[in-house]
Amino acid sequence: MIRKAVRFVDQRSGTAPLLRKTLRYLFPDHWSFLLGEVALYAFIVLVATGTYLAFFYQDSTVQVTYHGPYVPLQGQEMTEAYRSVLNISTTVKAGLLIRQTHHWAADVFLAAIVLHLLRIFFTGAYRKPRELTYWLGISMLIVSLLEGYLGYSLVDDLLSGMGLAIGYGVALSIPFFGANLASLIWDGPFPGQHAFFSRMYIAHVFLFPALIAVLLGAHLALVALKHHTQFRRERRQSERKLVGVPMFPGQTPRSLGLMFAVAGVLVLLGGLVQINPIWLWGPYHTYSSTNGAQPDWYLGWLIGGLRLVPHWDFVIDGYTLVPNPFWGGAAFPGVVFAFLFLWPWLERKVSGDYAFHNVLDRPRDAPWRTAIGVWMLSWVVLVFFAGGADRVDVLFDISYTSQIWVYRVAVWVVPTLLAIASFWACKELRAAEVVHREQHRAEEEAHAAAEREATPV
Amino acid sequence: MARARDVLIASVALLLGRRKTRLRAGGEERIVPAGEPQPGAELLVMALLVAAALCAVAFPVFYALDRLPHQTQLLGASLGLSLLFIAAALILTGKKLIVTEEIEEGYPENEHEAEQEALVAVVHESGSRFTRRRLLKGAVGLTGGALGVALITPIVSLGPVFDMTPFYKTPWRRGRRLVDEKDRPYRASDIEEEDFYTAFPEGADKEALGSSLVLVRLPKDELDLPPENKGYAADGIVAYSKICTHAGCAISLYRAPLFQADEPRPALVCPCHYSTFDPGAGGKVLFGPAGRKLPMLPVYIDRKGELRARGNFDGPVGPSWWGVRMRKPTT
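Residues numbered from 1 in each chain as written. Chains lettered and ligands numbered in written order. Predicted model: local features only at pLDDT ≥ 70, side-chain atom pairs only at ≥ 80, totals over all residues.

A short note on the overall build of chain B
Link 1 in the chain: What chain B contains, in helices and strands, is 6 helices and 12 strands.
Link 2 in the chain: Computed over its C-alpha atoms, the radius of gyration of chain B comes to 38 Å, more than 25% above the 20 Å expected for a compact globule of 331 residues.
Link 3 in the chain: A principal-axis box enclosing the C-alpha atoms of chain B has dimensions of 110 × 80 × 45 Å.
Link 4 in the chain: If you take every contact in chain B between residues at least 6 apart in sequence, the share linking residues at least 24 apart comes to 56%. (Helix = DSSP H or I, 4+ residues; strand = E, 2+ residues; numbered from the N terminus. Rg over C-alpha atoms; globule rule 2.2 N^0.38 Å. Contact = placed C-beta atoms within 7 Å.)

Shown next as structure tokens:
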């Protein structure tokens, strides 16, 4: 059976040598190497569930009156888009399960990408010859953030509308051409014309997913062409020699197992843990908003950035050069992504290390990189927390304004302290290792000497 | 009958029979080393697969039942558990039943210098007939640029890209009545202190950013309008654009001193990023990220006691853009 299939394929494609190599491609064994795979499998779940949702969703902003089964909204005016998502959630059998699984998958997808990125950064996996792989990954993260944002904007409930208003405000704030750009995207000033929803829809279900798929393909191809990096855990592992488990048979059941586990957890979450109950928010109007609205977690750092910046518009002699939302909504993520893109190049320039690297650093092996990474990470995380200050105000009754003032200082001071602490920790860990090695060697020598003495010649 | 017996025997053989390790033709060495059989693990894998099958069978059953309480939860649990059982079976297979080899292999070559040289040579040598390279490069660059511009030109059709007037337009003009969400005109006597109201221009599109207003009535001692807004209030009633000048959300919080003892003045707050505006001082920014004051609309009370606009806003409505402060709103 198998022999027949192999012969058939090889005679018609000549790929037996390639397939044999692929089958025996080596995967170094470390749990942190699975984070990227989790993202990949979440993406598969996203495409599958998203395709199903697209069979029911309507990208229309025509006003209709709701007559569905959800009583509190009956008789309300809303867009056809929002009504179709309400129907997916109430009347389409299994629709709510698929919609919630889709939403959970998006949150897990981005979480896995971010954790994967942290692993890549702190182990120096992006170094030559893998910069292209890394840049493709960062680009995917940016596209995925936009893709997620469009996803919950399409629902057209109150939360969607508030998010879109903020997106519009940020687009408008870009110096010199922001208003023109926003006018192009929305077909005029906010809330825009009907065409805007069609544009979001085609971007969400085709342009961005296709872009992610292309970037993903290139990312994986480059990983395979240059092979995986590895930690040095055994003596035989080196810059020239890779030790790992072959794709088949060793890695296949593990990877497939992970795929089914990711899909299983997402479906369980989609069925058992409510996410974004869109019927509670009601339809969006430009003149309505609600307190306590929070975006999906992966946009929390941007809402924090927007909330933290003091009321500065950059105005020169009556000409508004930079309106305020630009700082938190565009400049802040711009700085973060510019840092991520430029880092491999910066590190090479400063360290003068132009060598090829297949063996990973542990964070302690590169104290400067670790310290700078900790600074950036804690900066972003603190701004993220600042975005939740209103929840803290409600839950613990700590004044919002004083929290914001604390954060305005803390986002600069705390990362600096943490960076210094992590730099020191790296140095100490390394020093302890040297001491340990020395001790070990001394003990071995003493032991050998004792044995020599004990053995009569 | 004989067929049934064959099937039975075959399935028993399939279940019980363990594959004998066979040498490949020619007695070559194995590629994947042999491992010890693990009948216990095999049995467990089968049990997990059966559990997965049972859960999977439950899914269409739950799906088919109408008016099932907690249908979403049961559907999610059955499908999710089925997938997780398969995951467990696969991971167990990987850990116990598949021979896990740890193989070493050389990394691919860092670079192929001879090939690189050959590539460069091919490109260089292919151009031996070109003599005016500079000029040619210029021509190619020119054509590429021109064609690029031509190809992106249709994008301009997406929206009014150069015309900024729609951003300054609002439906407000002198005499226009203020109505509520159900188009009923507001009377000055409807507006009470320590409460806030959303108003729209009569007969206009309520969704346009320039339409919606917040109305509040302030006690005389709270009203301290700057000179340019003198006469904007009517009997303590002030009207502001409802759209925050920061990022365009609707201002839907009114902090009257009654509710927050620690805050000295009443304030209009946007719940998106907590930009806070002073309704008694012409919409001045008190706190938060908004870089521009809230646009104020002058109002008056007509002879029937209804509220009407006295003119347009004192500044452009909605989030700011480059040059926003250069013009006044138009009708």
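Past the structure itself, the notes keep going.
Focus on the overall build of chain A
Link 1 in the chain: Along chain A, the regular secondary structure elements total 16 helices and 6 strands.
Link 2 in the chain: Based on the C-alpha atoms only, the size of chain A along its principal axes is roughly 105 × 70 × 40 Å.
Link 3 in the chain: Counting the 457 residues in chain A, one finds 40% classified as buried.
Link 4 in the chain: Once local pairs closer than 6 in sequence are excluded, the contacts in chain A between residues at least 24 apart make up 74%. (Buried ≥ 20, exposed ≤ 12 C-beta atoms within 10 Å, placed from the backbone.)

Side note on helix α9 (residues 195-226) of chain A
Residue and element names in this part refer to chain A.
Link 1 in the chain: With 32 residues, α9 extends 44 Å from end C-alpha to end C-alpha; this agrees with the ideal 46 Å at 1.5 Å per step.
Link 2 in the chain: Approximately 45° is the largest bend angle found in α9, and it occurs at Ala 203.
Link 3 in the chain: All of the buried residues along α9 are Phe 196, Phe 197, Arg 199, Met 200, His 204, Val 205, Ile 212, Leu 215 and His 219.
Link 4 in the chain: Tucked inside the fold, the buried residues of α9 contact α3 (35-54), α4 (80-90), α6 (131-154) and α8 (178-186).
Link 5 in the chain: Phi turns positive, to about 65°, at His 227, one or two residues after α9. (Expected span 1.5 Å × (residues − 1). Bend = angle between axes of the 7 residues up to and from the residue.)

Here's the deal with the sheet that holds strand β1 (residues 103-106) of chain B
Link 1 in the chain: The 3 strands lie next to each other as β1(A)-β4(A)-β1(B), forming an open sheet whose pairing is antiparallel. Each end of this open sheet is capped by a strand with a single partner; those strands are β1 (26-27) of chain A together with β1 of chain B.
Link 2 in the chain: For β1 of chain A and strand β4 (residues 241-246) of chain A, the ladder comprises 2 bridges, and the chain directions are antiparallel. Bridge assignment links Leu 26 of chain A to a residue of β4 of chain A, and that residue is Pro 246 of chain A.
Link 3 in the chain: Contacting β1 and β4 of chain A, helix α10 (residues 247-272) of chain A runs over the sheet at an angle of about 65° to β4 of chain A. (Pairing = 2+ DSSP bridges. Axes fitted to C-alpha atoms, helices over the stretch in contact; angles between N-to-C directions.)

What to know about the pairing of strand β3 (residues 197-201) of chain B
All names here are of chain B.
Link 1 in the chain: Of all 5 residues in β3, 5 are buried, a share of seventy percent or more.
Link 2 in the chain: Every second residue of β3 is oriented toward a common face, with Tyr 197, Ala 199 and Pro 201 on one face and Thr 198 and Phe 200 on the other, all of them buried.
Link 3 in the chain: By the bridge criterion, 3 bridges tie β3 to strand β4 (residues 213-217) in an arrangement that is antiparallel. Directly across from Tyr 197, in β4, lies its bridge partner Leu 215.

Section: the environment of Asp 314 of chain B
Residues and elements named next belong to chain B.
Link 1 in the chain: Here Asp 314 lies in the segment after β12 (307-309).
Link 2 in the chain: Note: C-alpha distance between Asp 314 and Val 324 (10 residues apart in sequence) is 13 Å.
Link 3 in the chain: In contact with Asp 314, not counting residues within four places along its chain, are Glu 228, Asn 229, Pro 295 and Met 296.

Notes on the interface of chain B and chain A
Link 1 in the chain: Across the boundary between the two partners, chain B contributes 72 residues, which contact 81 residues of chain A.
Link 2 in the chain: Sort the elements by how many residues they give to the side of chain B that touches chain A and helix α3 (residues 71-97) of chain B lands first, with 15 residues.
Link 3 in the chain: Residues belonging to the side of chain B that touches chain A are distributed by class as follows: 42 nonpolar, 21 polar and 9 charged.
Link 4 in the chain: Two elements, β4 of chain A and β1 of chain B, share 4 bridges in a ladder whose sense is antiparallel. Residue Leu 242 of chain A lies in a different strand from β1 of chain B, and its bridge partner there is Glu 105 of chain B. (Nonpolar A, V, L, I, M, F, W, Y, C, P; charged D, E, K, R; others polar.)

Here's the deal with the nonpolar core
Burial of nonpolar side chains together is a common tendency in soluble globular proteins.
Link 1 in the chain: Counting 169 residues, the largest nonpolar core has Ala 42, Phe 109 and Leu 266 of chain A together with Leu 215 of chain B as the members making the most contacts within it.
Link 2 in the chain: Here this core takes 15 residues from helix α5 (residues 95-122) of chain A, the largest share from any one element.
Link 3 in the chain: Excluding residues that lie within four positions of it along the chain, Leu 266 of chain A makes contacts with Ala 42, Val 45, Thr 101, Trp 104, Ala 105 and Val 108 of chain A.
Link 4 in the chain: Residues Leu 26, Phe 27 and Val 245 of chain A together with Tyr 107 of chain B belong to the second largest nonpolar core, which totals 5 residues. (Core = buried A, V, L, I, M, F, W, Y, C linked by C-beta atoms within 7 Å.)

Considerations on unusual backbone geometry
Residues and elements named next belong to chain A.
Link 1 in the chain: Across the junction of Lys 128 and Pro 129, the peptide omega takes the value 15°, indicating a cis bond.
Link 2 in the chain: Here Pro 129 is to be found in the loop between α5 and α6.
Link 3 in the chain: Omega for the peptide link from Phe 248 to Pro 249 comes to 5°, which places this bond in the cis form.
Link 4 in the chain: With respect to the helices and strands, Pro 249 occurs in helix α10.
Link 5 in the chain: The phi torsion at Phe 176 lies on the positive side, around 75°, for a residue other than glycine.
Link 6 in the chain: Structurally, the position occupied by Phe 176 is in the loop between α7 (158-172) and α8.
Link 7 in the chain: A residue is classified by how many C-beta atoms lie within 10 Å of it, and Phe 176, with 12 of them, is exposed.
Link 8 in the chain: Residue Asp 187 is not a glycine yet carries a positive backbone phi of 60°.
Link 9 in the chain: Tracing the backbone shows Asp 187 in the loop between α8 and α9.
Link 10 in the chain: You can call Asp 187 partly exposed: it has 16 C-beta atoms within 10 Å.

Comments concerning the pairing of strand β9 (residues 284-287) of chain B
Residues and elements named next belong to chain B.
Link 1 in the chain: The pairing of strand β8 (residues 276-278) with β9 spans 3 bridges and is antiparallel. Following the sheet pairing, Thr 276 is matched in β9 by Phe 287.
Link 2 in the chain: Adjacent in sequence and paired antiparallel, β8 and β9 are bridged by 5 residues, among which Gly 282 carries a positive phi angle near 75°.

Re the sheet that holds strand β2 (residues 178-179) of chain B
Link 1 in the chain: With antiparallel pairing, the 5 strands of this open sheet are ordered in space as β2-β3-β4-β5-β10 (chain B). Each edge of the open sheet is held by one strand with a lone partner, namely β2 and β10 (296-297) of chain B.

Considerations on the confidence of the model for chain B
Link 1 in the chain: A residue-level look at chain B finds 90% of positions with pLDDT of 70 or above and a mean pLDDT of 90.
Link 2 in the chain: Interface scoring of the predicted complex returns ipTM 0.92; its pTM is 0.92. (pLDDT = per-residue confidence, 0-100.)

Focus on helix α4 (residues 113-126) of chain B
Link 1 in the chain: Counted at 1.5 Å a residue, the expected span for α4 of chain B with its 14 residues is 20 Å, and the 20 Å between its end C-alpha atoms agrees.
Link 2 in the chain: Buried residues are scarce in α4 of chain B, accounting for 0 of its 14 residues.

Observations regarding the packing of α6 of chain A against α7 of chain A
All names here are of chain A.
Link 1 in the chain: At a minimum axis distance of 8 Å, the contact between α6 and α7 shows a crossing angle of 135°. In terms of their interaxial angle, α6 and α7 are classed as oblique. Viewed along their axes, α6 and α7 form a crossing whose handedness is left-handed. Contacts between α6 and α7 involve Tyr 149, Tyr 152 and Ser 153 on the former and, on the latter, Ser 160, Gly 163, Leu 164 and Gly 167.
Link 2 in the chain: Within the contact of α6 with α7, the residues separate by chemical class into 3 nonpolar, 4 polar and no charged. (Parallel < 35°, antiparallel > 145°, perpendicular 65-115°, else oblique. Left-handed = near helix turned anticlockwise from the far one by under 90°.)

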